[in-house]
Amino acid sequence: MSEFRKLSAYIMQDDYLQPLLTVQEAMFVAVDLKLTLDHGQKLQKIDEILTAMSLDASRYTRTGELSGGQRKRLAIALELINNPPIMFFDEPTSGLDSVTSKQCIALLKQLAKEGRTIICTIHQPSATLLNMIDHLYVVADGNCVYTGSTQNLVSYLSTIGLYCPKHYNPADYLMEICNGDYGAYIPKLMESIQNGKCNKWRLDTTFYLNKEIITSQQLPPMRLYSFETEFKHIPHYAASSWKQLCVLVKRNTIRLLRDKFLTVSRISMHFTVALLVGIIYFKVGQDAAYVLDNFNLLFFSLMFLMYSAFSATMITFPSELPILMREHFNRWYKLRWYYLANKLADFPVQLIATFIYALVVYYMSDQLPEAKRLCLFMLMCFVTSLVAQAAGLVLGSGLKVQNSVIFGPFVILPFMIFSGFFVHLNDAHPYLQWLFHTSFLKYGFEGVMIAIYGYNRAKLKCSADYCHFAIPEKLLTEVDMKHADYWFNMSVLIMLYIALDIAAYITLKIRVKKRI
């Protein structure tokens, strides 16, 4: 299988392309990953293929703005970079009009004449498309009912007593037969063609029909060259591991910079919510009369950062899976480098969004203006969001978007319940207390509480007649966090992040293997 994958390329029915890259950028990604040439040679290779695919005029157009036919041609062009000798196409004419479909099949036919083996599935070809096919293999109920040239199809059916009406598309007639419109002929067809082992009906075959010798008039197209020999000794992946990582990080960075929803909206949403929260909890941080309000603010901040990171990853990552399936199957890169590149490219976005939110909330709520406390608070918020992001990645890697949207809140809910906000650890039933230690939100919440009220913070000022929690240590005792340790919680969160990251990668690897 490994040797065969080196020889083959697979183009899906749906043209899964990076919509925010231009045609030339997409081609450069492919050529950087598939060929070991200098920049000038790569550009020359791209120019040749784009010209041959009639995409030269669209080289600076984003792939998301291309027409259906152009997207099909680009999907083929991306795989032609390294001249694969065998190419599989799943419904190459799906979604195309009759003219574009004919152009697409003509292009595939030309690729075959150049020395490649082109295999494609077409569920209902028109008569024009049927006549362009060199060799036909028809499957019904999991069995072969015909294999041979399209010109011999009508003659073959006649030998079984099935006569295709004149001015009738033979493909439509055969489909009606396979659907049982004329009776149960599938077993007879399968027996006649020996379930695909009979080569009697190929183009270069002479056969007898009604005592007349019928010789096919058209010879099969001659292959000008065969590429199989070139692939005998090439490595499975052309680019080195470091090269794969660099190219993928660069591609993801371009995508994130151009993705207004995923990048700009994420950052602006964090800033907007921070302003709203800052207005609601304005200057409550240093007043003992509002300690419980500040307690609620800290928990809400963690909950918001957790859920935004969790849901963003859970929803957006599955949309990348079809592209990953195609590129990984066609030996563009190793799965581990794709996974790492995705995380490295998204890391600055998550960092900026979290720090903007934490910074705005910290100063608008008038927390103690100490650099150490601010840094500890922002760091704990960021690490908690990373753990939530990894949890969302596990769910996004294993489930479809529809399922993850439904099950996501149920997965995240236990972490919130056992965070220590709604029910304190010592107030819970002894048999349930162990569940608190499984909640990453508990460790994050304890961390921000220690950052704000720990480290021997001085007595708070009180704007009311009596403030029960004027002494910060008294508040920490009340919420069972007196003996909490900031760096212990940080260590637990980091370990949880690593464990969830590994789980997400394993889940993704299993899913990719099953799909491929």
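These figures come from a predicted structure and were not determined experimentally. (Residues numbered from 1 in each chain as written. Predicted model: local features only at pLDDT ≥ 70, side-chain atom pairs only at ≥ 80, totals over all residues. Heavy atoms only, no water.)

A. A look at the overall build of the chain. A tally of regular secondary structure across the chain gives 19 helices and seven strands. Taken over the C-alpha trace, the chain has a radius of gyration of 32 Å; the compact-globule value for 516 residues is 24 Å, which it surpasses by more than 25%. Referenced to the eigenvectors of the C-alpha coordinate spread, the extents of the chain come out at roughly 115 × 55 × 40 Å. Among the 516 residues that make up the chain, the fraction classed as buried is 52%. (Helix = DSSP H or I, 4+ residues; strand = E, 2+ residues; numbered from the N terminus. Rg over C-alpha atoms; globule rule 2.2 N^0.38 Å. Buried < 20%, exposed > 50% of the residue type's maximum accessible area, 1.4 Å probe, protein only.)

B. Molecular detail of the packing of helix H11 (residues 260-280) against helix H13 (residues 335-364). As a packed pair, H11 and H13 sit with axes 8 Å apart at the nearest point and diverge in direction by 15°. Here H11 is positioned roughly parallel relative to H13, judged by the angle of their axes. As H11 packs across H13, the resulting crossing turns out to be right-handed. The residues of H13 that touch H11, namely those facing Thr263, Arg266, Ile267, His270, Phe271, Val273, Ala274, Leu275, Val277, Gly278 and Ile279, are Asp346, Val349, Gln350, Ile352, Ala353, Thr354, Ile356, Tyr357, Val360, Val361 and Met364. Of the residues belonging to the contact of H11 with H13, the class tally is 15 nonpolar, five polar and two charged. (Axes fitted to C-alpha atoms, helices over the stretch in contact; angles between N-to-C directions. Parallel < 35°, antiparallel > 145°, perpendicular 65-115°, else oblique. Left-handed = near helix turned anticlockwise from the far one by under 90°. Contact = heavy atoms within 4.5 Å. Nonpolar A, V, L, I, M, F, W, Y, C, P; charged D, E, K, R; others polar.)

C. Local environment of the UniProt feature "domain: ABC-2 type transporter transmembrane" (unreviewed entry) in the chain. Listed under "domain: ABC-2 type transporter transmembrane" (unreviewed entry) in the UniProt record, and renumbered for this structure, are residues 244-453. Taken end to end, residues 244-453 is 80% helix and 0% strand, and its two terminal C-alpha atoms sit 46 Å from one another. (UniProt positions renumbered as here; feature names shortened; annotations may be inferred.)

D. Up close: the state of the cysteines. This model, assessed by the stated rule, comprises one disulfide. The closest cysteine sulfur to the non-disulfide-bonded cysteine 144 is located on cysteine 198, 9.4 Å from its own sulfur. Just so you know, cysteine 164 is unpaired, no disulfide at all, and the nearest cysteine sulfur is the one on cysteine 178, 13 Å from it. (Disulfide = S-S within 2.5 Å.)

E. Quick look at the packing of helix H2 (residues 23-34) against helix H4 (residues 68-80). Where H2 contacts H4, the axes come no closer than 9 Å and their chain directions differ by 25°. By the angle between their axes, H2 is roughly parallel relative to H4. Crossing angle aside, the handedness with which H2 passes H4 is right-handed. Along its contact with H2, which presents Val23, Ala26, Met27, Ala30 and Lys34, the element H4 presents Leu74, Ala77, Leu78 and Glu79. Grouping the amino acids of the contact of H2 with H4 by side-chain chemistry returns seven nonpolar, no polar and two charged.

F. Representation of the environment of histidine 424 in the model. Tracing the chain through its elements places histidine 424 in the loop between helix H15 (401-417) and helix H16 (433-436). Given a relative accessible area of 17%, histidine 424 falls into the buried group. Remark: the alpha-carbon pair of histidine 424 and glutamate 478, spanning 54 residues in sequence, is separated by 8.9 Å. Those residues in contact with histidine 424 that lie beyond four places of it in its chain are Phe436, Glu478, Val479 and Asp480.

G. The arrangement of the pairing of strand E3 (residues 117-121) in detail. Summarising the sheet, strand E2 (residues 86-90) and E3 pair through five bridges and their orientation is parallel. Across the sheet, residue phenylalanine 89 finds its bridge partner in E3, namely cysteine 120. Crossover E2 to E3 through helix H5 (residues 98-113) is right-handed. (Pairing = 2+ DSSP bridges. Right-handed = clockwise from strand over helix to strand, strands pointing away.)

H. Representation of the pattern of salt bridges in the model. For the coordinates displayed, the defined rule picks out 16 salt bridges. Close ionic contact of glutamate 25 with arginine 258 constitutes a salt bridge, the shortest N to O distance being 2.8 Å. Highlighted residues: glutamate 25 in helix H2 and arginine 258 in helix H10 (residues 241-258), separated in sequence by 233 residues. Since its relative accessible area comes to 21%, arginine 258 is described here as partly exposed. Notably, a salt bridge pairs glutamate 446 with lysine 442, separated by 3.2 Å at the nearest N-O pair. (Salt bridge = Lys/Arg side-chain N within 4 Å of Asp/Glu carboxyl O.)

I. Just the sheet that holds strand E1 (residues 8-11), in detail. Read from one edge of the open sheet, three strands run E1-E2-E3, paired in parallel fashion. This sheet does not close on itself; its edge strands, each paired only once, are E1 and E3. Averaged over all adjacent pairs, the angle separating strand axes in this sheet is 15°, with direction ignored. Here H4 sits on the sheet in contact with E1 and E2, set at roughly 155° to E2.

J. Expanded view of the nonpolar core. Core analysis: the biggest nonpolar cluster contains 64 residues, and Leu298, Tyr357, Phe377, Phe445, Val448, Met449 and Tyr453 have the highest contact counts within it. Those elements that place two or more of their residues in this core are H11, helix H12 (291-329), H13, helix H14 (371-398), H15, helix H17 (440-453), helix H18 (472-478) and helix H19 (486-515). When residues in this core are grouped by element, the largest group, 14 residues, is from H14. Those residues in contact with tyrosine 357 that lie beyond four places of it in its chain are His270, Val273, Ala274, Val277, Phe300, Ser301, Phe304 and Leu305. Counting residues in hydrophobic clusters, the runner-up holds 56 residues, among them Leu17, Leu80, Ile105 and Leu245. (Core = buried A, V, L, I, M, F, W, Y, C linked by side-chain atoms within 4.5 Å.)

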